[in-house]
Amino acid sequence: ASLGLAAARHLASHGVKTQVFLPDAAKYPSRVEAELRLYRLTGGKVVTKAGQLPSSTVDLIVTALEDQEMWSQERCQPWHRTGTSWAQSNRAPVLAIDPPPHPPALDIKMTLTWGLPLSHSPQSGKLYLVNLGIPKNIYKEVGIKFSSPFGAKFVIPLHDA
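Report on the accompanying structure. (Residues numbered from 1 in each chain as written. Predicted model: local features only at pLDDT ≥ 70, side-chain atom pairs only at ≥ 80, totals over all residues. Heavy atoms only, no water.)

Residues other than glycine seldom take positive phi values, yet Arg 91 does so here, at roughly 70°. With respect to the element layout, Arg 91 can be found in the loop between α4 (78-90) and β4 (94-97). (Helix = DSSP H or I, 4+ residues; strand = E, 2+ residues; numbered from the N terminus.)

This is the structure:
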């Protein structure tokens, strides 16, 4: 959820009208809370029920619904089923952010990953590596010799053209 909120925040900072679907919870993990606070500062809308999502078609759906470890439990939740159903009926292209390696719940057109994926589902669409701007000295501090493959780019396709 924090990666999806960060993506929505970045899109909103570029003038894109965004809306986030985040299941209602008494307390979110601290990193989700932090991203949610930042996202709310953009003026973007947050909805907690799938019935509050737009009834008209949207341009793009960004999904960060499933956690790497908790995905099977999340798919059993009513919020996940209704959110997935809304996305499937909307027919907009779906961009996944760092999805788990199992087959996705939605028809994914493309996937962004922030690190080289160990494995991913062939149903995850075209795969792109995204530069998160991690400072080179962080790699140095942990003893990793790193040379960025990005150059002036912020995204690298990892699929056949």
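It is worth spelling out the sheet that holds strand β3 (residues 61-63) at this point. Read across the open sheet, the five strands follow the order β3-β4-β5-β6-β7; overall the sheet is mixed. The open sheet has two free edges, formed respectively by β3 and β7 (155-157), since each of these has just one partner strand. The average angle at which neighbouring strand axes cross in this sheet is 25°, direction not considered. Pairing of strand β5 (residues 110-113) with strand β6 (residues 126-130) involves four bridges; the strand directions are parallel. (Pairing = 2+ DSSP bridges. Axes fitted to C-alpha atoms, helices over the stretch in contact; angles between N-to-C directions.)

Enumeration according to the criterion identifies one salt bridge in this entry. Between Glu 35 and Arg 9 there is a salt bridge; the shortest N-O distance is 3.1 Å. Of this pair, Glu 35 sits in helix α2 (residues 30-40) while Arg 9 is found in helix α1 (residues 2-13), placing the two residues 26 residues apart along the sequence. (Salt bridge = Lys/Arg side-chain N within 4 Å of Asp/Glu carboxyl O.)

Turning to α2, a few remarks are in order. All of the buried residues along α2 are Val 32, Glu 35, Leu 36 and Tyr 39. End-on view of α2: buried residues confined to an arc of 105°, all on one side of the axis. Away from its buried face, by an angle of more than 90 degrees, α2 presents the exposed residues Ser 30 and Arg 37. Of the surrounding elements, those touching the buried residues of α2 are α1, β1 (19-21) and β2 (45-47). (Buried < 20%, exposed > 50% of the residue type's maximum accessible area, 1.4 Å probe, protein only. Arc of directions from axis to C-beta. Contact = heavy atoms within 4.5 Å.)

On to the nonpolar core. For soluble globular proteins, nonpolar side chains are generally found buried alongside one another. Core analysis: the biggest nonpolar cluster contains twelve residues, these being Phe 21, Val 47, Ala 50, Leu 53, Ile 61, Trp 86, Ala 87, Ala 92, Val 94, Ala 96, Leu 106 and Ile 108. At the level of secondary structure, the elements contributing two or more residues to this core comprise α4 and β4. Once residues lying within four places of it in the same chain are set aside, the contact partners of Leu 53 are Gln 19, Phe 21, Val 47 and Trp 86. Judged by nonpolar contacts, the second largest core, of eight residues, contains Ala 8, Val 20, Leu 22 and Tyr 39. (Core = buried A, V, L, I, M, F, W, Y, C linked by side-chain atoms within 4.5 Å.)

The tally for this structure, following the rule as stated, stands at one aromatic pair. Considering the side-chain rings of Tyr 139 and Phe 146, the 4.0 Å spacing of their centres and the 15° angle between planes classify their relative orientation as stacked. (Phe/Tyr/Trp six-rings, centres within 6.5 Å; stacked < 30°, edge-to-face > 60°.)

Here we take up a nonpolar patch on the surface. A surface patch of nonpolar side chains, amounting to about 460 Å² of accessible area, comprises Leu 3, Trp 114, Leu 132, Ile 134 and Ile 138. Along the chain, Leu 3 turns up in helix α1. Assessed through its relative accessible area of 36%, Leu 3 is described here as partly exposed. (Patch = residues over 30% accessible without salt bridge, like charges linked within 9 Å, V, L, I, M, F, W, Y side chains within 5 Å. Areas by Shrake-Rupley, 256 points an atom, 1.4 Å probe, with all protein chains shown as cover.)

The subject of this paragraph is the side chain of Thr 18. Relative to the elements of secondary structure, Thr 18 occurs in the loop between α1 and β1. Residue class for Thr 18 comes out buried when judged on its relative accessible area of 15%. A distance of 2.8 Å separates polar atoms of two side chains, one belonging to Thr 18 and the other to Tyr 39. Residues in contact with Thr 18, not counting those within four places in the same chain, are Ala 8, Leu 11, Ala 12, Tyr 39, Gly 44 and Lys 45. (Polar contact = N/O pair within 3.5 Å; in protein donor to acceptor, adjacent residues only side chain to side chain.)

Here the focus is the pairing of β6. Bridging between β6 and β7 involves three bridges; their strand directions are antiparallel. The residue bridging Tyr 128 from the neighbouring strand is Pro 157, located in β7.

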